Amino acid sequence: LETGLVVTEALGFTLLKIRLDLTRPDTLYRWASIGLGALALLGSALALGLRYNPFISHEQIIGGAVFNSLLPAYLLPAAMAAAVAHAARRGRPRFFVRAATSLAVALLLAYIALEIRRLFHPSGYVGFFLPTGQAELWAYSAALVASGLGLLAFGILRNSAPMRLAALACLGAAVLKVFLVDLSALEGLTRAFSFVGLGLGLLVLGFVYQKIVARR
């Protein structure tokens, strides 16, 4: 919880520096703010992705099934990173915008995954040493597909190539997970029909994506 608030504060400070640089242009200040902003993005990713991730650190998630410490720890920083990416499109290098966008997407996906883990482990402890049932595995796959479709729709509507790439990465990860993990528990005709259904779904998605992007 505290780490998420610190990350939100650091990203908020980065956003403030971007806003100030847009109103009062200065080359030295601009590159100094880019460097500090890049450190803030990197520190946020390492802190929430590894060091203080409850899946790794085994810390308890405080609160109920929905309103819990994951909201300020992951969802709020994700929204702040998205705001930084949006503001950085004017006057910041492309790598900075892509880094902020990637951080926003990564934190959002981490929030969704940890929230699913929390729902299947009501105690609030979601460490990797705890068992993972078949229903939980399918829930992760469904969340990846839903997240991928949401990012794809956003990327098409806003004509954002990074968002479309992030969407394809989510959908690709979902397909690999289904093939390698989820369907391994099925046998016989059920598994065969599942493979066929998944393949047809991918073909339809690829056809629709190609048609929509080509028109734009």
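The following paragraphs examine the structure supplied in this document.

What counts and how
- Residues numbered from 1 in each chain as written.
- Predicted model: local features only at pLDDT ≥ 70, side-chain atom pairs only at ≥ 80, totals over all residues.
- Heavy atoms only, no water.
- Helix = DSSP H or I, 4+ residues; strand = E, 2+ residues; numbered from the N terminus.
- Buried < 20%, exposed > 50% of the residue type's maximum accessible area, 1.4 Å probe, protein only.
- Contact = heavy atoms within 4.5 Å.
- Areas by Shrake-Rupley, 256 points an atom, 1.4 Å probe, with all protein chains shown as cover.
- Core = buried A, V, L, I, M, F, W, Y, C linked by side-chain atoms within 4.5 Å.
- Salt bridge = Lys/Arg side-chain N within 4 Å of Asp/Glu carboxyl O.
- Expected span 1.5 Å × (residues − 1).
- Phe/Tyr/Trp six-rings, centres within 6.5 Å; stacked < 30°, edge-to-face > 60°.
- Lys NZ or Arg CZ within 6 Å of the ring centre and 35° of its normal.

**Overview of the overall build of the chain**
- If you tally the helices and strands in the chain, you get eight helices and zero strands.
- For the chain, the sequential pattern of α-helices and β-strands runs α-α-α-α-α-α-α-α.
- Counting all 216 residues of the chain, 37% fall into the buried class.
- Across the chain, the fraction of contacts at a sequence separation of at least 24, relative to all contacts at a separation of at least 6, is 67%.
- Here the chain has roughly 12,200 Å² of accessible surface; of this, 72% comes from carbon and sulfur atoms.

**Some words on the nonpolar core**
- Leu11, Tyr74, Val84 and Phe96 are the most contacted members of the largest nonpolar core, which totals 27 residues.
- Secondary-structure elements contributing two or more residues to this core are α1 (2–23), α2 (27–51), α4 (70–87) and α5 (94–120).
- A per-element tally of this core places α4 first, with nine residues.
- With sequence-adjacent residues up to four places away left out, leucine 11 is seen in contact with Leu41, Ser44, Pro77, Met80, Ala81, Val84 and Leu103.

**Quick look at unusual backbone geometry**
- Although it is not a glycine, histidine 58 sits at a positive phi angle of roughly 65 degrees.
- Mapped onto the secondary structure, histidine 58 falls in the loop between α3 (54–57) and α4.

**Digging into the pattern of salt bridges**
- Tallied over the full model, the rule gives one salt bridge.
- For arginine 117, the salt bridge is made with glutamate 136, and the minimal N-O distance between the two is 3.0 Å. With a gap of 19 residues between them, arginine 117 in helix α5 and glutamate 136 in helix α6 (residues 134–157) connect regions that are remote in the sequence.
- Looking at arginine 117, the relative accessible area reads 2%, which means it is buried.

**What to know about the side chain of serine 44**
- Turning to its location among the elements, serine 44 is positioned in helix α2.
- Take serine 44: its relative accessible area is 2%, and that puts it in the buried class.
- Setting aside residues no more than four positions away along its own chain, serine 44 makes contact with Val7, Leu11, Gly49 and Leu103.

**Points about the environment of alanine 143**
- Checked against the element boundaries, alanine 143 lands in helix α6.
- Alanine 143 gets classed as buried once you look at its relative accessible area, which sits at 15%.
- Apart from the residues within four sequence positions on either side, alanine 143 is in contact with Ile112 and Ile116.

**Comments concerning α6**
- For α6, with 24 residues, the first-to-last C-alpha span of 35 Å sits near the 34 Å given by 1.5 Å per residue.
- Of the positions making up α6, those classed as buried are Glu136, Leu137, Tyr140, Ser141, Ala143, Leu144, Ser147, Gly148, Leu151, Leu152, Gly155 and Ile156.
- Following α6 by one or two positions, asparagine 159 has its phi on the positive side, about 55 degrees.

**As for the packing of aromatic side chains**
- Under the definition given, this model contains two aromatic pairs.
- Aromatic side chains phenylalanine 128 and phenylalanine 129 sit 6.4 Å apart centroid to centroid with 75 degrees between the ring planes, which places their arrangement in the edge-to-face category.
- Taken together, the ring pairs in this structure connect Phe55, Phe128 and Phe129 into an aromatic cluster.
- Positioned over the ring face of tyrosine 52 is arginine 51, at 4.6 Å from the centre of the ring.

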